[in-house]
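Results of the structural survey
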Amino acid sequence: MEAISQIKEALASSQDVDALKLFIEKYNSDERAGVRKLVENAGKKLDSWYKEIARTNEMKKYERENAGLGLLCGIDEVGRGPLAGPVYAAAVILPTDSEIYYLNDSKKLSEKKREELYDVIMDKAISVGIGYSTCERIDEINILQATYEAMTKAVNSLSVKPGGLLIDAVHIPQLEEYKQISIIKGDAKSASIAAASIIAKVTRDRIMKDYAKEYPEYGFDSNKGYGSADHIAALKKYGPCPIHRRSFIGNFV
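Described in the following lines is the structure provided in the data block. As the structure is a prediction and not an experimental result, all values here were calculated from the model.

What to know about the sheet that holds strand S3 (residues 127-133)
The sheet built from 5 strands is open, its strands ordered S3-S2-S1-S4-S5 with mixed pairing. Single-partner strands in this sheet number two, and they are S3 and strand S5 (179-183). With strand direction ignored, the average angle separating the axes of adjacent strands in the sheet is 20°. Pairing analysis gives 5 bridges linking strand S4 (residues 164-168) to S5, with the strands arranged parallel. Each bridged residue has a counterpart across the sheet, and for Asp-168 the counterpart in S5 is Ile-183. Taken strand by strand, helix H7 (residues 143-156) contacts strand S1 (72-78), strand S2 (87-93), S3 and S4, and its axis lies near 150° from that of S3. Its contacts with the sheet place helix H8 (residues 191-214) against S1, S2, S3, S4 and S5, and it is angled at close to 40° to S1.

Written as C-alpha cells, this is what we have:
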C-alpha cells in the first residue's frame, strides 16, 4: 500500500485540473483518514481551479466581443502618481486561445505573483511593447500627456500591428488610426489589459529598484517613487534628486 507521505507528494505535484481529477480518481476509494483528508484537499483545489477558469473566461469578454477587429492589444500604464521616476506603459497582444490564469489588476497581485506572470506573459504573448516618459518629460508636458506618449511608444514598439486597442479608462489622441475601446477598471476586467498592467508594473518596479541603488536616501526600492511618509521625510531632508518630478514636489521642498 502506498505511504500517505507519497500520496501527499503526489497531491503537491498535481498543479492543474487534469492532474487533480486523476488524483481524486486514483485515491478516492482509499479509506485511510489521512488519505481522505488529502482527497478532500484535492477537491477544494479543483473547485478553486474551476472558479479561476470561469473568472479568466469572463476576463476575455471584451476580447470576444471585439474579435472582428483582428488582433487586439491591451494597454495600461503605471506610475502616474509618484513623486519620482518615469511613467511606464505596456501594450500586450495575447493569442485568442490564451490560457494564462490569475491575470488581474497588477495592484491586486503580490510581487511574487506579478513576477511569475510577467515571465508567462512574455513567453506566451504574440507581441509585447513597452514605452515610457521620463520625469523631465512629465514636467515638460504634464503627466497625462506623458502617459499618452508612453502608451503610444508602447503600441509603436509592437512587432505586429493590432486591429484594435483595449485601454484602461482613457482614449489616446496620438493613436486615432486605431479603433479604441476604453474600459473603466479595464485592468480587472480584460485579460489583455491586465497582462499589460502586469508588464508595465514589473518593468517600472525593476527600474525603481535600480534607482534605489543610485539614490539610496529615498527608499525607491520599497516606495517605487510614491509619496510615502519616509519618502517625503527624505525629500525634505535631502532635497530632490535628478529623478524627482519637479512639478509634483512643490509642497515638500
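Here's the deal with the side chain of Arg-114
The residue Arg-114 is located in helix H5 (residues 111-124) in this model. In terms of polar contacts, Arg-114 uses its side chain to reach the backbone carbonyl oxygen of Ser-106, at 3.1 Å. Among the polar contacts listed, one links the side chain of Arg-114 to the backbone oxygen of Leu-109, at a separation of 2.8 Å. In contact with Arg-114, other than residues within four places in its own chain, are Ser-106, Leu-109, Ile-198, Lys-201, Val-202 and Asp-205.

Quick word on the pattern of salt bridges
The full count for this structure, using the stated rule, is 14 salt bridges. The closest approach of N and O atoms between Glu-116 and Lys-112, which form a salt bridge, is 2.7 Å. One end of the pair is Glu-116 and the other is Lys-112, both in helix H5 and 4 residues apart, which spans about a single turn. Residue classification places Glu-116 among the partly exposed residues on the basis of a relative accessible area of 35%. For Lys-112, a relative accessible area of 60% translates into the label exposed. Linked through salt bridges whose partners overlap, the residues forming this network are Asp-105, Lys-107 and Asp-187.

So, the packing of helix H2 (residues 17-27) against helix H3 (residues 33-58)
At a closest axis distance of 9 Å, the pairing of H2 and H3 adopts a crossing angle of 155°. Judged by the angle between their axes, H2 and H3 are roughly antiparallel. Note on packing geometry: the crossing formed by H2 with H3 is left-handed. Here Val-17, Leu-20, Lys-21, Phe-23, Ile-24 and Tyr-27 of H2 lie close against H3, whose contacting residues are Val-35, Arg-36, Leu-38, Val-39, Ala-42, Gly-43, Lys-45, Leu-46, Trp-49, Tyr-50 and Ile-53.

Parameters at a glance
Residues numbered from 1 in each chain as written. Predicted model: local features only at pLDDT ≥ 70, side-chain atom pairs only at ≥ 80, totals over all residues. Heavy atoms only, no water. Pairing = 2+ DSSP bridges. Helix = DSSP H or I, 4+ residues; strand = E, 2+ residues; numbered from the N terminus. Axes fitted to C-alpha atoms, helices over the stretch in contact; angles between N-to-C directions. Contact = heavy atoms within 4.5 Å. Polar contact = N/O pair within 3.5 Å; in protein donor to acceptor, adjacent residues only side chain to side chain. Salt bridge = Lys/Arg side-chain N within 4 Å of Asp/Glu carboxyl O. Buried < 20%, exposed > 50% of the residue type's maximum accessible area, 1.4 Å probe, protein only. Parallel < 35°, antiparallel > 145°, perpendicular 65-115°, else oblique. Left-handed = near helix turned anticlockwise from the far one by under 90°.

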